[in-house]
Amino acid sequence: MLIPHPLLGLRDAQEFTYLGDARLIDRPDPTAPDAEAAFCDYVFLRDNQAGAHRELWFHEQGDRSWLVVTRDTVTHEVLCAELARDVALSRARCSK
Amino acid sequence: MTRLAGGLINRSQSLNFTFDGRRYQGHPGDTLASALLANGVRLVGRSFKYHRPRGVLSAGSEEPNALVELRTGARQEPNTRATVVELFEGLEARSQNRWPSLGFDALAINDLLSPFFTAGFYYKTFMWPKGLWEKLYEPAIRKAAGLGRLSMEADPDTYDKGFLHCDLLVIGGGAAGLAAALTAARSGARAILADEDFRLGGRLLCELETLDGAPATDWIAALETEFDSLPNLRVMRRTTVFGIYDHGIYGAVERVSDHLAQPGARVRQTLWRITAKRAVLAAGATERPIAFADNDRPGIMLAGAMRAYANRWAACPSETVAVFTNNDDGHRTARDLASKGVHIAAVIDARPKATALADYRVITGGMVTASRGRLGLKSIEVHANGRSEWIECGALGVSGGWNPNVHLASHNCGRPIWNDVLQAFLPGEDGPSGVLPAGAAAGHFSTAKTLRSGAAAALRALNVLGIAAALPSLPRSEESRYGVAPIFHVPGRKRAWVDFQNDVTMKDIKLAHAENMRAVEHLKRYTTLGMATDQGKTANVTGLAVMAELTGKTIPETGTTIFRPPYTPVALSVLGGGDAGPHFRPRRLTPTHHWAKAQGAVFVEAGQWMRAQYYPRPGETHWRQSVDREARAVRSAVGLCDVTTLGKVDVQGADAGEFLNRLYSNVMATLKVGRVRYGLMLREDGFAYDDGTCARLAKDHYVVTTTTANAGLVYRNMEFARQCLWPDLDVQIFSTTEAWAQIAVAGPKSRALLARIVGGFDLSNEAFPFMACAELTVCGGLRARLFRISFSGELAYEVAVPARYGHALMERLVEVGADLGVTPYGVEALSVLRIDKGHAAGPELNGQTTAAMVGLGSMVSQKKDSVGAVMSRREGLAGDRRRLVGLRPVDPAGKVVSGSHLFAEDAPQSFDTDQGWVTSACYSPHVGSMIGLGFLENGDERLGEVIVAANPLEGESARLRVVPACFVDPEGERLRD
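Report on the accompanying structure. Keep in mind that what you see is a predicted model, and the values were worked out from it rather than measured.

This part covers the overall build of chain A. Of regular secondary structure, chain A possesses two helices and six strands. Walking chain A from its N terminus toward its C terminus, one meets helices and strands in the order β-β-β-α-β-β-β-α. Taken over the C-alpha atoms alone, chain A extends approximately 45 × 30 × 20 Å along its principal axes. Within the span of chain A, comprising 96 residues, buried residues form 43% of the whole. Considering only intrachain contacts with a sequence separation of at least 6, the fraction spanning at least 24 residues in chain A is 49%. Surface exposure of chain A reaches about 5,100 Å², of which carbon and sulfur atoms provide 52%. On chain A, the mean spot of the 11 positive side-chain charges and the mean spot of the 16 negative ones are 6 Å from each other.

Residues and elements named next belong to chain B. Its place among the elements puts Val745 in strand S40 (residues 740-746). The exposure class assigned to Val745 is buried, which follows from its relative accessible area of 0%. Each C-alpha atom, one on Val745 and one on Asn540, is 70 Å from the other, the two residues being 205 residues apart in sequence. The contacts of Val745, once residues within four sequence positions are left out, are Val638, Gly639, Leu640, Ser750, Leu753, Leu754, Leu795, Ala796, Tyr797, Val799 and Leu813.

As a further point, take the nonpolar core. A general trend in soluble globular proteins is that nonpolar side chains are found buried together. Counting 53 residues, the largest nonpolar core has Phe19, Leu32, Leu91 and Tyr309 of chain B as the members making the most contacts within it. Excluding residues that lie within four positions of it along the chain, Leu32 of chain B makes contacts with Phe17, Val68, Leu70, Ala82, Val85, Leu87, Leu91 and Ala93 of chain B.

Residues and elements named next belong to chain B. The strand order S21-S22-S23 describes an open sheet built from three strands, whose pairing is antiparallel. The open sheet has two edge strands with one neighbour each: strand S21 (366-372) and strand S23 (387-392). Each strand of the sheet is rotated relative to its neighbour by a mean of 25°, with strand direction disregarded. Here strand S22 (residues 379-384) runs beside S23; their pairing, made up of six bridges, is antiparallel. In the sheet register, Ile380 faces S23, and the bridge partner there is Ile391.

This next bit is on the interface of chain B and chain A. With 31 residues of chain B in contact, the opposing surface of chain A contributes 35 residues. Taken together, both faces of the contact between chain B and chain A bury some 2,900 Å²; the carbon and sulfur share is 56%. Interface area lost by chain B to chain A is led by His247, Arg716 and Gln723 of chain B, which between them contribute 20%. Here chain B and chain A share four salt bridges between them. Among the ionic pairs, Arg716 of chain B bridges to Glu60 of chain A, the shortest N-O distance being 2.8 Å.

The next subject is the pairing of strand S37 (residues 688-698) of chain B. All names here are of chain B. Burial of S37 is extensive: 10 of the 11 residues sit out of reach of the surface. Here strand S36 (residues 676-682) pairs with S37 via seven bridges, running antiparallel. Note that in S37 the partner of Met681 across the bridge is Asp690. Where S36 hands over to S37, the hairpin turn is made up of five residues, of which Gly686 adopts a positive phi near 100°. With four bridges connecting them, S37 and strand S38 (residues 701-706) associate as antiparallel partners. Across the sheet, the residue bridging to Ala698 is His701, located in S38.

Moving on, we get to the packing of aromatic side chains. Residues and elements named next belong to chain A. Taken as a whole and assessed by the stated rule, the structure comprises 15 aromatic pairs over all chains. Both rings, one in Phe39 and one in Tyr42, keep their centres 6.0 Å apart while their planes meet at 80°; by these two values the pair is edge-to-face. Here Phe39 pairs with Tyr42, and both are found in helix H1 (residues 35-44), just three residues apart, close to one helical turn. Tyr42 carries the same exposure label as Phe39, and that label is buried. Taken together, Phe16, Tyr18 and Trp57 form an aromatic cluster joined through their ring pairs.

Here Thr592 of chain B is to be found in the loop between strand S31 (588-589) and helix H15 (593-598). Residue contacts for Thr592 of chain B: discarding those within four places in its chain leaves Asp642, Ile743, Gly806, His807 and Met810 of chain B.

Residues and elements named next belong to chain B. Take Leu529: it is sitting in the loop between helix H11 (520-527) and helix H12 (540-551). The class for Leu529 is buried, based on a relative accessible area of 5%. Residues Leu529 and Arg873, 344 residues apart in the sequence, show an inter-C-alpha distance of 58 Å. Those residues in contact with Leu529 that lie beyond four places of it in its chain are Val498, Asp499, Val504, Leu523, Lys524, Ala539, Asn540 and Gly543.

To continue, consider the side chain of Glu62 of chain B. All names here are of chain B. Looking at where Glu62 falls in the secondary structure, it is placed in the loop between strand S4 (53-54) and strand S5 (67-70). Buried charge without a partner: Glu62 forms no salt bridge, and the closest opposite charge is Arg203, 7.0 Å away. Contacts of Glu62, omitting those with residues within four sequence positions, involve Thr286, Leu302, Asp534, Lys537 and Thr538.

Our focus in this paragraph is the state of the cysteines. With the rule as written, the count across this model stands at zero disulfides over all chains. Cysteine Cys206 of chain B shares no disulfide, and the gap to the nearest cysteine sulfur, in Cys316 of chain B, comes to 14 Å.

Residues and elements named next belong to chain B. The omega torsion across Trp99 and Pro100 is 5°, close enough to zero to call that bond cis. Within the secondary structure, Pro100 is located in the loop between strand S7 (91-95) and helix H2 (109-112). A cis amide bond links Pro565 to the next residue, Pro566, at an omega of -5°. Residue position: Pro566 is located in the loop between helix H13 (555-558) and helix H14 (572-576). With a phi close to 70°, Thr528 is a non-glycine residue in the positive phi region.

On to the pattern of salt bridges. Oppositely charged side chains can form a pair if their charged atoms are brought close together. Taken as a whole and judged by the stated rule, the model has 68 salt bridges over all chains. The salt bridge involving Arg11 of chain A is made with Glu15 of chain A; its shortest N-O contact spans 3.0 Å. When its relative accessible area of 18% is taken as the criterion, Glu15 of chain A is described as buried. The salt bridge involving Glu775 of chain B is made with Arg785 of chain B; its shortest N-O contact spans 4.0 Å. Taken together, the residues Glu775 of chain B in strand S41 (residues 773-778) and Arg785 of chain B in strand S42 (residues 782-787) connect sequence positions 10 residues apart. The class for Arg785 of chain B is buried, based on a relative accessible area of 7%. Residues joined in a network through salt bridges with shared partners are Arg52, Arg54, Asp111, Asp294, Asp296, Arg297, Lys494, Arg495 and Asp503 of chain B.

Cut-off values and rules
Residues numbered from 1 in each chain as written. Chains lettered and ligands numbered in written order. Predicted model: local features only at pLDDT ≥ 70, side-chain atom pairs only at ≥ 80, totals over all residues. Heavy atoms only, no water. Helix = DSSP H or I, 4+ residues; strand = E, 2+ residues; numbered from the N terminus. Buried < 20%, exposed > 50% of the residue type's maximum accessible area, 1.4 Å probe, protein only. Contact = heavy atoms within 4.5 Å. Areas by Shrake-Rupley, 256 points an atom, 1.4 Å probe, with all protein chains shown as cover. Lys, Arg positive; Asp, Glu negative; His and termini not counted. Charge placed at Lys NZ, Arg CZ, Asp CG, Glu CD. Core = buried A, V, L, I, M, F, W, Y, C linked by side-chain atoms within 4.5 Å. Pairing = 2+ DSSP bridges. Axes fitted to C-alpha atoms, helices over the stretch in contact; angles between N-to-C directions. Buried area = accessible area lost by both parts, 1.4 Å probe. Salt bridge = Lys/Arg side-chain N within 4 Å of Asp/Glu carboxyl O. Phe/Tyr/Trp six-rings, centres within 6.5 Å; stacked < 30°, edge-to-face > 60°. Disulfide = S-S within 2.5 Å.

Set out below in structure tokens:
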């Protein structure tokens, strides 16, 4: 597989390690009253969908950036690759 | 002799070879199969199940019968297809699956017992008693039914991996592939032409038809000259593209030196990973046989193969041959062989009408209904127009039509499409993207059409890529028509083979149908049709057609045969490339590795690292002597240990403290500059993950360490947290594990030793207390970092210098500390010292334990959030009452074995009564006995109790006393001294 790194262009998938569902970016609010249930969902539950899937890849043998890659799990077509940092920032997360 | 005139062999040179010990001669240009046929050898093997005598069926990589053991010794290779083995001087080959000899095979009795050996025989027969399957049935069956033998020796050859990139990959070097490569090469595109044969030309080499009125080899030679002059085209002979993978990645194996007796200085094979923007699939077509009674005798071969042997290799299995065909192509075989003086006994054409291409007898509307000849064909029975006759012939060419080689087009989930005119599958539209089928692979069966389609496919691909290209002028060539009748088998009651390699007959397919194994996937698995080394290249379509006939459905309704990679067998050795033995994975050496080696250290693998395990001294005959001495030296004087392998991460930025607060369960932001704090990380699921130290070198600069094993993973998680969870924090991190050499200086005399290299730096307890850190210079100006931390429980430091000075620092410390009794120690003593102190390490932090279990529950801050904090408070985790304890044998000479399970005394030993386990154990020279650490139910409340550690694997158990998990200096006074 080839992954279109937003900064480095097409890179071989062997340079990356795979984590999984990009929902891992959405860490629950630890102060919420139902935090434990939300964390259980966050840690253990994943959708296993056929089709477009947003997932996290780490360019470990490269520039060490985490990417959100949108991949069709049926055809392996890569539809989009973004810097995970940009994705996280665009969700206006504010942790300070 | 059965050598004909002509051919593409070099008769000026002879090559000696042996088959089953007998000596023969062939010529350069021969394959083993062609040389055997030229020597009159028709019998080359025994079949898989029935041990039927078998001969060469094909002239290419689809061969199901002619499998031999090639070479001897460690290079002995089983199941080698004689049809693709290039002859070399001294080649040694042996037939397979026969005993005692190929001519007389005792297990041919299986053939007489064939009624018992039908499809599903094993499933039905060896069901019970169940225990006998593994012990008796399977070994016996495997011995009787089998292919070649492995040498059981290590592969002496080397292999390599390589990467190639191109605009256009042309798969196949026949007419279509050559035309495609020519089009691409002249356009200036980066192109690769790969062909599995050792000579370019494909089927052109096997035909007498001319190109522009001259032999095809003239045109090919001119092309090769042009190709050599074009640097943008890479021609790869002996290279099989075996698979198509996602995003235009192609796997190929180049047989670099398989055609030599020994590779010499070269690699044997190379695995190529080719990334191509587009590919032309010009893989040609494979002929299929027609099933009839006893159609597997040596001498019965594919008609196209018979023609190839005659035209390219000047070999013919017999002086009298016949042809059985359902299409026009079979007649070309008769015509070509007749032109070479071979007697054509008859051409039996299953179609009602046929035109002879030369002066030979044609029997139209005919069927071959039987054959004779135990070890080689003698005669065939022909049935036509209501009459039967026996015709004598030593060889029969059979053509049931041609199947385009759609294999690669069906990778990546492509589905071939049935074509009624050609009676064959063609590549579908949904095949791997960017792959354009051309030539015979796309169903074009005349040379002229093949050439045009190859050039057109390349042009189309180049246009899509925006590369200007023009169609080359192509040579004039034959435009023969190809008509084929849908005849796949001859009706009859005797066994007729569909899959030669797996001994699958018409009867087996009928049985599968009768037992409702009708889907192609069931048919394959029930009968083994299409399995093994040839993957049914000559059998699958026929099997499917027969099943379609039995079910009364059309072939496309019945199913589609698709193919997985690899196209032809690929050796595991080449998939591994050079990554075998010590090269299996990278080996990381510490900065002091060569120094330690010079000291005679024994090394141990720790992940990818090689670490000094212990340093034996003269007179020490057992590792324990060395380890005890090293551990004592640390407790009584001073020891040195390379701890570079611990992961090191530099954390910088205004929010560095806040960032670490969120990663570690304990508070890091409040750490004062110049101080170090122990840190515990949890996983997000709440279990303990990794531990290390955080040193604050400046307000915005921390250096944290991880365990050796988790260095890469922790860094990955830290980057995840930084980029994905808290991207708004002002923090940068970088792994510096390899940048700094770090040496532990441990023992009561460590301060005295360090004082000799730190210049004026004040090491006094007041100025540089326990858990202090500083940047300084050592050895007269070398920048360094000093941490007063202790894993051994003694007064201790870790000193870090740029990695390239690690070796020199170790040498200097040993040199200046000689009078202090300085002693290098390895990881074995390091482990003894930490078990002495009850410090958790890998065996305790194994991913199944909580912070509370290792006695660090209070470290998980309740005041702030951190990774894993929420989940660590889950009922199941928070309620776990197992605690880390120390364990001492009641009998001082007794053993403590890690992995033992703990039980109350006199309690039955079962899962229900299990109370924990021993995590770490060693002999402690300070305690004077073995000691251990372990997790015990309510362990913190059971100090003094005697329990049983059971080791049922060894049938051992020992009585142990529960003690605090710290055996030396429990008050921790020494490290604060």
